[in-house]
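Spelled out from the first residue to the last, the chains are:
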Amino acid sequence: MEIYKVTYQCDSLDSNPTIKTFDEYGEMVDWITEEVEHRVQFAVDHSPYTTSEKERSELQEWEYSLVRIEQV
């Protein structure tokens, strides 16, 4: 049985990232997708400026770059 360990940082210098483990690949993907969307939406909602689709896409790309997946 494979276990997936996901480490999700707040930023590239985060010394205390969120770490979660999952027994199922689909469950892991669902959690990552929801968490990325939550963080992107938070950034968009709290931005003093209008966010374009390109900027939103760049935010998503940045958030996904903060996720590390390991099989343990």
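Before any of the text, the structure's been laid out above.
Structural notes, computed from the coordinates. Keep in mind the model is a prediction, meaning the values are calculated, not measured.

## Quick word on the packing of aromatic side chains
Now for step 1: Within the structure shown, the criterion is met by 3 aromatic pairs.
Now for step 2: Ring geometry for Y8 and W31: centres 6.3 Å apart, planes at 85°, overall edge-to-face. A residue pair is termed long-range when its members are at least 10 positions apart, and Y8 in strand 1 (residues 4-8) and W31 in helix 1 (residues 25-45) qualify at 23 residues. For the pair Y8 and W31, a shared accessibility class is recorded, and that class is buried.
Now for step 3: Through a chain of ring-to-ring contacts, the aromatic side chains of Y8, F22 and W31 assemble into a single cluster.
Now for step 4: Sitting above the plane of the Y8 ring, R39 keeps its charged end 3.6 Å from the centroid.

## Here we look at the packing of helix 1 against helix 2 (residues 53-65)
Now for step 1: Helix 2 packs onto helix 1 with a crossing angle of 130° between their chain directions and a minimal axis gap of 10 Å. Viewed along their axes, helix 1 and helix 2 adopt a mutual orientation that is oblique. Note on packing geometry: the crossing formed by helix 1 with helix 2 is right-handed. Contact residues: helix 1 offers I32, T33, V36, E37, R39, V40, Q41, A43 and V44, while helix 2 offers R56, L59, Q60, E63 and Y64.
Now for step 2: Partitioned by chemical class, the residues of the contact of helix 1 with helix 2 number 7 nonpolar, 3 polar and 4 charged.

## As for a negative patch on the surface
Now for step 1: Together, D23, E24, E27, D30 and E34 make up a region of like negative charge exposed at the surface.
Now for step 2: The topology assignment puts E24 in the loop between strand 2 (18-22) and helix 1.

## Thoughts on the environment of V29
Now for step 1: Here V29 lies in helix 1.
Now for step 2: On the basis of relative accessible area, V29 is assigned to the partly exposed category, the value being 30%.
Now for step 3: Residues V29 and V6, 23 residues apart in the sequence, show an inter-C-alpha distance of 9.9 Å.

What counts and what doesn't
- Residues numbered from 1 in each chain as written.
- Predicted model: local features only at pLDDT ≥ 70, side-chain atom pairs only at ≥ 80, totals over all residues.
- Heavy atoms only, no water.
- Phe/Tyr/Trp six-rings, centres within 6.5 Å; stacked < 30°, edge-to-face > 60°.
- Helix = DSSP H or I, 4+ residues; strand = E, 2+ residues; numbered from the N terminus.
- Buried < 20%, exposed > 50% of the residue type's maximum accessible area, 1.4 Å probe, protein only.
- Lys NZ or Arg CZ within 6 Å of the ring centre and 35° of its normal.
- Axes fitted to C-alpha atoms, helices over the stretch in contact; angles between N-to-C directions.
- Parallel < 35°, antiparallel > 145°, perpendicular 65-115°, else oblique.
- Left-handed = near helix turned anticlockwise from the far one by under 90°.
- Contact = heavy atoms within 4.5 Å.
- Nonpolar A, V, L, I, M, F, W, Y, C, P; charged D, E, K, R; others polar.
- Patch = residues over 30% accessible without salt bridge, like charges linked within 9 Å, V, L, I, M, F, W, Y side chains within 5 Å.
- Areas by Shrake-Rupley, 256 points an atom, 1.4 Å probe, with all protein chains shown as cover.
- Salt bridge = Lys/Arg side-chain N within 4 Å of Asp/Glu carboxyl O.
- Lys, Arg positive; Asp, Glu negative; His and termini not counted.
- Charge placed at Lys NZ, Arg CZ, Asp CG, Glu CD.

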